[in-house]
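Structural overview for review
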Amino acid sequence: MANFLSEASEIQNDLATIRRQIHQEPEIGLDLPKTQAKIVAALDGLGLEISTGKSLSSVTAVLRAGKSDKTVLLRADMDALPVSELADLPYKSQIDGAMHACGHDLHVAMLIGAAKLLVKNKAELSGDVVFMFQPGEEGFDGAGHMIKEGVLTASGRKADTTYGIHVMSSSVPTGTFTTKGGTMMASADEIHVTVVGMGGHGSQPHTAKDPIPVAAEMVSALQLMITRSFDAFDPVVITVGQFHAGTKANIIPDTAEFQATIRTFSPENRSRIKTEAVRLCESIAHGYGLKAEVKVVEQYPVTVNNDAHAQFVGKVAAELFGNEGYMEMPHAIAGAEDYSRVLEAVPGSYIFLGASVDKDVTKSEVNHSPRAMFDDSVLYRGTALLSELAVRSLKEM
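First, a word on scope: everything that follows refers to the structure included in this document. (Residues numbered from 1 in each chain as written. Predicted model: local features only at pLDDT ≥ 70, side-chain atom pairs only at ≥ 80, totals over all residues. Heavy atoms only, no water.)

**Section: unusual backbone geometry**
Most peptide bonds take the trans configuration, and most residues that are not glycine carry a negative phi. Within the chain, Asp141 stands out as a residue other than glycine whose phi angle is a positive 55 degrees. Structurally, Asp141 is set in the loop between strand 4 (128-134) and helix 5 (142-148). Notably, Ser171 is not glycine yet its phi reads approximately 75 degrees, a positive angle. By the secondary structure assignment, Ser171 is in the loop between strand 5 (161-168) and strand 6 (177-179). Taking relative accessible area as the criterion, Ser171 reaches 47% and is therefore assigned partly exposed. (Helix = DSSP H or I, 4+ residues; strand = E, 2+ residues; numbered from the N terminus. Buried < 20%, exposed > 50% of the residue type's maximum accessible area, 1.4 Å probe, protein only.)

**A closer look at the sheet that holds strand 1 (residues 49-52)**
Taking strand neighbours across the sheet as the criterion, the 8 strands line up as 1-2-4-3-5-16-6-15 in an open arrangement whose pairing is mixed. Every interior strand has two partners, whereas the edge strands, strand 1 and strand 15 (326-328), have only one. Averaged over all pairs of adjacent strands, the angle between their axes in this sheet comes to 20 degrees, without regard to strand direction. Bridge count between strand 3 (residues 71-77) and strand 5: 4 bridges; the pairing is parallel. Bridge pairing in strand 5 links Arg75 to Gly164. (Pairing = 2+ DSSP bridges. Axes fitted to C-alpha atoms, helices over the stretch in contact; angles between N-to-C directions.)

**Considering the side chain of Ser155**
In this fold, Ser155 is placed in the loop between helix 5 and strand 5. Judged by its relative accessible area of 4%, Ser155 is buried. Within polar-contact distance, the side chain of Ser155 engages the backbone oxygen of Arg157 at 3.3 Å. With near-sequence residues (within four places) excluded, Ser155 lies in contact with Val62, Arg64, Thr71, Asp128 and Val130. (Polar contact = N/O pair within 3.5 Å; in protein donor to acceptor, adjacent residues only side chain to side chain. Contact = heavy atoms within 4.5 Å.)

**Some words on the sheet that holds strand 12 (residues 255-264)**
Read across the open sheet, the 4 strands follow the order 10-12-8-13; overall the sheet is antiparallel. At either end of the open sheet lies a strand with only one pairing partner, and these are strand 10 (236-245) and strand 13 (291-300). In this sheet, adjacent strand axes meet at a mean angle of 20 degrees when their direction is disregarded. In this sheet, strand 13 lies alongside strand 8 (residues 187-196) in antiparallel orientation, the contact comprising 9 bridges. If you follow His192 over to strand 13, its bridge partner there is Lys295. Set on the sheet, helix 6 (residues 211-229) makes contact with strand 8, strand 10, strand 12 and strand 13; between it and strand 10 the angle comes to about 170 degrees. Those strands touched by helix 7 (residues 267-287) are strand 8, strand 10, strand 12 and strand 13, and its axis lies near 165 degrees from that of strand 13.

**A closer look at helix 7**
In an α-helix there are 3.6 residues to a turn, and that puts residues three or four apart on one side. Taking 1.5 Å per residue, 21 residues should reach 30 Å; helix 7 reaches 31 Å between its end C-alpha atoms and fits that length. Among the residues of helix 7, those classed as buried are Asn269, Arg270, Ile273, Lys274, Glu276, Ala277, Val278, Leu280, Cys281, Ile284 and Ala285. Against the buried residues of helix 7 lie strand 8, helix 6, strand 10, strand 12 and strand 13. (Expected span 1.5 Å × (residues − 1).)

**Considerations on the packing of helix 6 against helix 7**
Contact pair helix 6 / helix 7: the axes reach a minimum separation of 10 Å and the direction vectors enclose 140 degrees. Taken together, the axis directions place helix 6 and helix 7 in an arrangement best described as oblique. Judged by the sense of rotation from one axis to the other, the crossing of helix 6 with helix 7 is right-handed. Counted together, Val214, Glu217, Met218, Ala221, Leu222, Met225 and Ser229 of helix 6 and Arg272, Ile273, Glu276, Ala277, Leu280, Cys281, Ile284 and Ala285 of helix 7 form the full contact between these two elements. Taken together, the residues of the contact of helix 6 with helix 7 sort by class into 11 nonpolar, 1 polar and 3 charged. (Parallel < 35°, antiparallel > 145°, perpendicular 65-115°, else oblique. Left-handed = near helix turned anticlockwise from the far one by under 90°. Nonpolar A, V, L, I, M, F, W, Y, C, P; charged D, E, K, R; others polar.)

**Considering the side chain of Ser393**
Inspection of the secondary structure puts Ser393 in helix 10 (residues 379-396). Side-chain polar atoms of Ser393 contact the backbone oxygen of Leu389, separated by 2.7 Å. Of the polar contacts made by the side chain of Ser393, one reaches the backbone oxygen of Ala390; its length is 3.3 Å. Ignoring sequence-local partners within four residues, the contact set of Ser393 consists of Val72, Thr161, Tyr163 and Phe312.

**Here we look at the nonpolar core**
Formed by 66 residues in total, the largest nonpolar core has its most connected members in Leu43, Leu74, Leu118, Phe131, Phe133 and Leu385. In terms of residue count, the dominant contributor to this core is helix 4 (residues 104-120) (10 residues). Discounting chain neighbours no more than four positions away, the residues touching Phe133 are Ile39, Leu43, Ser58, Val59, Ala76, Met78, Val108, Leu111, Ile112 and Met146. By size, the runner-up hydrophobic cluster in this structure holds 27 residues, among which are Ala221, Leu222, Ile226 and Val294. (Core = buried A, V, L, I, M, F, W, Y, C linked by side-chain atoms within 4.5 Å.)

**A short note on the packing of aromatic side chains**
Scanning all chains against the criterion turns up 5 aromatic pairs. For the ring pair Tyr339 and Tyr350, a centre distance of 4.9 Å and an interplane angle of 45 degrees mean the geometry is tilted. Of this pair, Tyr339 sits in helix 9 (residues 339-345) while Tyr350 sits in strand 16 (residues 348-354), placing them 11 residues apart in sequence. The exposure class assigned to Tyr339 is buried, which follows from its relative accessible area of 0%. You can call Tyr350 buried: its relative accessible area is 0%. Between Tyr350 and Phe352, the aromatic rings sit 6.2 Å apart at their centres with planes inclined by 65 degrees, giving edge-to-face as the arrangement. (Phe/Tyr/Trp six-rings, centres within 6.5 Å; stacked < 30°, edge-to-face > 60°.)

**Points about helix 6**
The terminal C-alpha atoms of helix 6 lie 26 Å apart, and with 19 residues this matches the ideal 27 Å at 1.5 Å per residue to within 8%. Taken residue by residue, helix 6 has Pro211, Val214, Ala215, Met218, Ala221, Leu222, Met225 and Ile226 as its buried positions. In a view along the axis of helix 6, the buried residues occupy a sector of 140 degrees, so they form one face of it. Looking at helix 6, the residues exposed on the side facing more than 90 degrees away from the buried face are Leu224 and Arg228. Buried residues in helix 6 make contact with strand 8, strand 10, strand 11 (251-252), strand 12, helix 7 and strand 13. Measuring from the side-chain oxygen of the N-cap residue of helix 6 to the backbone nitrogen of Ile212 gives 3.0 Å; that N-cap residue is Asp210. (Arc of directions from axis to C-beta.)

In short, shape yes, function no, at least from these values alone.
Structure follows, in structure tokens:
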């Protein structure tokens, strides 16, 4: 039997080097040629079947064991964020306005490590492994693009199970894994509203149709609707992040616009809130004799883990790292993931890994902060767990 924890420890320095190289050259969106090239170079010589995306800079690598018709898919996202890095690191971003503020550089390094260990221990595998290196998680639906291009059937048949790891710069103790069965992360959609009125002079509002107070009422009414129409134990979160109107204090504008993110934890509420938010905004505008142009922009569905696979992750993590190395996630979080699309099609589990640089993780900068930092000493742990999950899930399926 392979000792993945020991073998991963031996390549920890190599994984940290790869991670820091990627960190210094962050790329945003679906077109990540430099990141793609680094991944292909790191996988070179391993004997994997490597293909790259047509509509995006993805990398898909297949390890064939040829012992069964089973396949496990392991996923890492690889894109950065449009954030200017303020963390004081010797390997900080060299690209203005771009930063790996969500730890995707660590995800890539861990999956490369898993590929190396699983190739080395190919005899342990009872089926094939697909390594999914995905661009465009941060709002570009890279997973959806890769699914359309066939990543789920890259081995020649649909994957039977899937696992992915996401690091956390805060909230989870460093080196500790956590997950839960069922809903783990929220869905994410947006609502874009333009209130159309009629402009005029600020001294004579009765001669105009002022869209600003009507739009402001919609912002408040959306919050009231959540507290009075939706079950608090199946939460809905609406946050208005943009509000634009007017050019000068004494001018009533023709229009007011706002955009909000909508998060839900069930497909039922996801469908319902989209319908009711549109109805509410249109009704408020109509009540004041104005018009509301409302558009819902669908993004990512709810991230739902298979119960059995989440329990399996907990069992394997505890056996590898001891009881202190795993804790059950107490509740779902309102962040969203396009890996949810993979989990909709293939049973599996998403996993969080604490990577805070602080002993007190409650004081750490959160993911997406320009000051977020991730402790890359956890890389070998992620690599070991992915490798162990691949071998054991193929044997037990």
